[in-house]
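Chain by chain, the residues:
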Amino acid sequence: MVTNEAPPQTRLQTMLDLQTKLESHEERFVEFYDSLTGMRNTMDSLGKWMQAMDAKMADLTIQNQTKEGKLNTEGTTSSPEFSQSNEESPEMNTHHKLIDSNIKGGGDNMGLDSHIRPNHFAGSVMAMPKVKIPVFNGVEDPRSWLTQAELYFRVHKTQPTMKLTLAQMCMTGIALTWFSRLMRDDPLLSWETLTAKMQQRFSERRVQNAYEELSTLHQVGTVSEYIEAFEMVTAFIPKTTEDQFLGFFIGGLKEPIRPWVRTLKPQTCDDAMEFARDIKLSCGL
């Protein structure tokens, strides 16, 4: 009987060869993992450096705008404007050159996208729009001001330690007096605490819970006024289901309009707002 089974010596040699190849692959894997770890550490260091540069640029922006007299702290209604200037300081120029070098070099720039201006992309003709923080004097409802301030902070990636400084520079009148006293009494004041205390102090409606305010909100004037009030309240409510917002909105409409909107079966709150406006214009309700 003839068998094709290899001799023991051959099988042993084959196993030894496989073991050698496996060890070689393991060594390559370890080398690759070490290289990946080194790249991650480099990216972390670069991210920390860029955060420090952002904070320094915020300081320079404040100093430059203060020198140029762009910030109005004398109680006027003009809005201070915090925006990226067409003329860059040496620090900002270096900051952007570093980013450009990463792009041209084809390196992995994950985590840098939020720091790259739109006009740094090839072929792009769009520029970063200017974002303002208006002056708050303590007379108007603070929620609109807080919304615009949050937008500015997101666009400019403002460091938490800079938010209160920028907020103070954009206050005047009784608001500035109140804020100065608040900072004196609480040196460790945070932006989150400030937003809560501002609404408590300056909001026309003394409702602590936004859900409670939403549940009691009803149309009194025009549809447009109701929509504006509804959006103002919901802007300070954590993300909830669309059905819940839709139910609150329809439930607050005036009686002549509410059943018509229900009949149209809106799927979203935006649909219901559009239907309510159309019904108001078509029927004069």
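Residues numbered from 1 in each chain as written. Predicted model: local features only at pLDDT ≥ 70, side-chain atom pairs only at ≥ 80, totals over all residues. Heavy atoms only, no water.

Details of the overall build of the chain
- The number of helices and strands found in the chain is eleven helices and two strands.
- The N-to-C order of helical and strand elements in the chain reads α-β-α-β-α-α-α-α-α-α-α-α-α.
- Residues classed as buried in the chain amount to 30% of the 285 residues present.
- A separation threshold of at least 6 residues defines the contact pool for the chain, and within that pool the share at least 24 residues apart is 59%. (Helix = DSSP H or I, 4+ residues; strand = E, 2+ residues; numbered from the N terminus. Buried < 20%, exposed > 50% of the residue type's maximum accessible area, 1.4 Å probe, protein only. Contact = heavy atoms within 4.5 Å.)

Some thoughts on a nonpolar patch on the surface
- A cluster of nonpolar side chains, Phe-29, Val-30 and Tyr-33, forms an exposed patch at the surface whose accessible area comes to about 340 Å².
- In this structure, Val-30 sits in helix H1 (residues 8–68).
- We classify Val-30 as partly exposed; its relative accessible area is 45%. (Patch = residues over 30% accessible without salt bridge, like charges linked within 9 Å, V, L, I, M, F, W, Y side chains within 5 Å. Areas by Shrake-Rupley, 256 points an atom, 1.4 Å probe, with all protein chains shown as cover. Salt bridge = Lys/Arg side-chain N within 4 Å of Asp/Glu carboxyl O.)

Comments concerning the environment of Met-198
- Position of Met-198 among the secondary structure elements: in helix H6 (residues 191–202).
- Residue Met-198 is classed as buried on the basis of its relative accessible area, which comes to 0%.
- Sequence-wise, Met-198 and Asp-141 are 57 residues apart; in three dimensions their C-alpha atoms are separated by 9.3 Å.
- Other than its neighbours up to four places away in sequence, Met-198 contacts Phe-136, Pro-142, Trp-145, Leu-146, Met-171, Trp-178 and Ser-203.

Considering the confidence of the model for the chain
- Residue-level pLDDT values for the chain average 74, and 71% of them are 70 or greater.
- Note on residues 70–126: pLDDT under 50 across the span, and 81 contacts to partners over four residues away in sequence or across chains. (pLDDT = per-residue confidence, 0-100.)

Focus on the pattern of salt bridges
- The final tally for this structure, using the stated rule, is five salt bridges.
- Where Glu-213 meets Arg-143, a salt bridge forms, and the shortest distance between an N and an O atom there is 3.1 Å. Taken together, the residues Glu-213 in helix H7 (residues 210–215) and Arg-143 in helix H3 (residues 142–156) connect sequence positions 70 residues apart. Take Glu-213 and Arg-143: they sit in the same class, and that class is buried.
- A salt bridge links Glu-255 to Arg-258, with the shortest nitrogen-to-oxygen separation between them at 2.8 Å.
- Salt bridges linked by common partners bring Asp-141, Arg-143 and Glu-213 together as one network.

Considerations on unusual backbone geometry
- With phi around 50°, Lys-157 is a residue other than glycine that occupies positive phi space.
- Considering the arrangement of structural elements, one finds Lys-157 in the loop between H3 and helix H4 (160–169).
- Judged by relative accessible area, which is 28%, Lys-157 ranks as partly exposed.
- Non-glycine residue Lys-265 carries a positive phi angle of around 50°.
- Looking at where Lys-265 falls in the secondary structure, it is placed in the loop between helix H10 (258–263) and helix H11 (269–283).

Some points on the packing of aromatic side chains
- Summed over the entire model, instances satisfying the criterion amount to nine aromatic pairs.
- A ring pair is formed by Phe-230 and Phe-249, whose centres lie 5.3 Å apart and whose planes are at 80°; its orientation type is edge-to-face. Pair noted here: Phe-230 is in helix H8 (residues 223–234) and Phe-249 is in helix H9 (residues 242–252), with a separation of 19 residues, a long-range link. Taken as a pair, Phe-230 and Phe-249 share a single burial class, namely buried.
- Among the aromatic side chains, those forming a connected cluster through ring pairs are Phe-136, Trp-145, Tyr-152, Phe-153, Trp-178, Trp-191 and Phe-202. (Phe/Tyr/Trp six-rings, centres within 6.5 Å; stacked < 30°, edge-to-face > 60°.)

Examining the nonpolar core
- Core analysis: the largest hydrophobic core is formed by 25 residues, its most contacted members being Trp-145, Trp-191, Leu-194 and Met-198.
- Residue assignment for this core shows that the elements contributing at least two residues are H3, H4, helix H5 (173–185) and H6.
- Contacts of Trp-191, omitting those with residues within four sequence positions, involve Trp-145, Leu-146, Ala-149, Glu-150, Phe-153, Lys-163, Leu-164 and Ala-167.
- Ile-227, Leu-246, Val-261 and Ala-272 belong to the second-largest nonpolar core, a separate cluster that totals 21 residues. (Core = buried A, V, L, I, M, F, W, Y, C linked by side-chain atoms within 4.5 Å.)

Quick word on a negative patch on the surface
- A surface patch of negative charge is lined by Glu-225, Glu-228, Glu-231, Glu-242, Asp-243, Asp-270, Glu-274 and Asp-278.
- For the negative patch, the elements supplying multiple residues, two or more each, are H8, H9 and H11.
- The class of Asp-243 is exposed, set by a relative accessible area of 60%. (Lys, Arg positive; Asp, Glu negative; His and termini not counted. Charge placed at Lys NZ, Arg CZ, Asp CG, Glu CD.)

A look at the environment of Phe-236
- With respect to the helices and strands, the residue Phe-236 is situated in the loop between H8 and H9.
- Take Phe-236: its relative accessible area is 26%, and that puts it in the partly exposed class.
- Along the primary structure Phe-236 and Thr-147 are separated by 89 residues, whereas in three dimensions their C-alpha atoms are 8.7 Å apart.
- If sequence neighbours within four positions are ignored, Phe-236 has contacts with Arg-143, Leu-146, Thr-147, Gln-199 and Ala-210.

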